Amino acid sequence: MITAILLGACSSPGSPPGPAKDEAPVDRSNWPSEVPTSGLVKGLELPLESYLPSYANQVAVDTALRTLQTRCMSEYGLTAVDLPRPGANPPPYSNALSIERRYGISDRAQARKYGYGLPKELTGSLVSVEEGLSGVEVEVLTGRKKTEFTPPEGTKGGVGHFGATPEPAHAEHNGKKLHEGGCAGWSKRRLKVNEGDEGFVSGLASTSLSESRPLKPVEQALKSWSACMKDKGREAADPYRATEQGYADGDGTTKNAIELALDDIDCKEQTRLIEVWFKEESAVQKRLIEQNKDQLAAVKKRMGEVLAAAKAVK
């Protein structure tokens, strides 16, 4: 299953070095809406979203982290580090749980243009920060050595992957001992970022998706969707298999992929698959929220404290 949940961990290189006072404000006009405004998921928001930071708040936190990291790295003599500007390359979806593709593709207008793929301008957030940094800069920033980047197979660029688990960095640089986790780790500790919080909420969201899948209304809707696809000459047990087929012969934007995507969405609309699945998963999430209310209350409290600390960074 393709998901955008991980987008917040990456950004694209090429931004001005450091949070200088004369930097122009980030253009917010191309930021995606917090709640979808089109397609079959228009206006839909899952209950667990309120326990994950909004895109705007995440940008505020990341901007503070960038400021702290730039200052930290300058203490090691790295005064021209080109760290990405948070918000400059927004992800295709703003909500943390990626409702737009949680149950497969959902926007017919987008599918007509790009099939299962995304427009190139919306993939900048998938490029790793490490691509724009030297080996020494990566070590000081992260506390580990830079790993080799491998572009996508058969392409000259774009979103690829990194190799094996990276080695620890050297103990010091320019005679100064590196922070645990590098300047990135140090900056997160300054803001008291609890990385386990997002993992906890995302884990509940994964549970709700898996637990809602076998529920009778969803199972029936999936069978109806699959039958609809079969009537169109397609063989797919669920929307995730259709997505795999869409990417089978390229980047998901081929003519065949576009035709498949349109059939996929038409069948979703005809069978009300997304409407049914969203309703059932929302009920599961509400139950999980009640079962974990104390932990989630603590998560929300810490989220507010981190945001306040981020806004205090100048």
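Worth saying up front: this structure is predicted, and the values here are computed from it rather than measured.

J.: What's the story with the packing of helix 1 (residues 55-74) against helix 5 (residues 182-191) in this structure? I'm lost.
T.: Packed helices, taken two at a time, are described by the angle their axes make and the gap between the axes. Orientation of helix 1 relative to helix 5, taken along the N-to-C sense of each, is 125 degrees, at an axis distance of 9 Å. Here helix 5 runs oblique to helix 1, going by the angle between their axes. Helix-helix and strand crossings are classified by hand; for helix 1 and helix 5 the assignment is right-handed. From helix 1, Val61, Ala64, Leu65, Leu68, Gln69, Cys72 and Met73 reach across to helix 5, where they touch Cys183, Ala184, Trp186, Ser187, Lys188, Arg190 and Leu191.

J.: What's the story with the state of the cysteines in this structure? I'm lost.
T.: Throughout this description, disulfide means a covalent bond between two cysteine sulfur atoms. Considering all chains together, one arrives at 2 disulfides under this definition. A sulfur-sulfur distance of 2.0 Å marks the disulfide that ties Cys72 to Cys183. Its torsion about the S-S bond being -75 degrees, the disulfide of Cys72 and Cys183 is classed as left-handed. On the criterion of sequence distance, the pair formed by Cys72 in helix 1 and Cys183 in helix 5 is long-range, its members being 111 residues apart.

J.: Teacher, can you tell me more about helix 10 (residues 273-291) here?
T.: Residue pairs spaced three or four apart in an α-helix point in one direction, given the helix's 3.6 residues per turn. Along its 19 residues, helix 10 runs 27 Å from first to last C-alpha, staying within 8% of the 27 Å computed at 1.5 Å per residue. Among the residues of helix 10, those classed as buried are Leu273, Ile274, Val276, Trp277, Phe278, Glu280, Glu281, Ser282, Val284, Gln285, Leu288 and Ile289. Looking at the buried residues of helix 10, the elements they touch are helix 2 (99-102), helix 6 (195-212), helix 7 (216-231), helix 8 (239-247), helix 9 (255-271) and helix 11 (293-311).

J.: What am I meant to see in helix 9 here?
T.: Between its first and last C-alpha atoms helix 9 spans 25 Å; for 17 residues at 1.5 Å apiece the expected length is 24 Å, and the two agree. Every buried residue of helix 9 is listed here: Ala257, Ile258, Leu260, Ala261, Leu262, Asp263, Asp264, Ile265, Cys267, Lys268 and Thr271. The inward-facing, buried residues of helix 9 abut helix 3 (108-114), helix 7, helix 8 and helix 10.

The rules behind these values
Numbering of residues begins from 1 in every chain and follows the order in which that chain's sequence is written. Given that this is a predicted model, residues contribute local features only at a pLDDT of at least 70 and side-chain atom pairs are listed and counted only at 80 or more, while totals for whole chains, interfaces and linings are drawn from all residues. The basis for every side-chain value is the complete set of heavy atoms in the structure, and neither hydrogens nor water enter the calculation. An axis is simply a line fitted to the C-alpha atoms; with a helix, the fit covers only the stretch in contact. Between two such axes, the angle follows the N-to-C directions and lies from 0 to 180 degrees. Runs of E in the DSSP output that reach at least two residues are strands. Runs of H or I that reach at least four are helices, and both are numbered from the N terminus. Working rule for angles: under 35 degrees goes down as roughly parallel, over 145 as roughly antiparallel, 65 to 115 as roughly perpendicular, anything else as oblique. When the near helix sits turned anticlockwise from the far one by under a right angle, the crossing is termed left-handed; a clockwise turn instead gives a right-handed crossing. Throughout, a residue-residue contact means that at least one pair of heavy atoms, one from each residue, lies within 4.5 Å. Only a pair of cysteine sulfur atoms within 2.5 Å counts as a disulfide in this structure description. The span you would expect from a helix comes to 1.5 Å times its residue count less one. Each residue gets one of three labels from its accessible area relative to the maximum for its type: buried under 20%, exposed over 50%, partly exposed in between, using a 1.4 Å probe on protein chains only.

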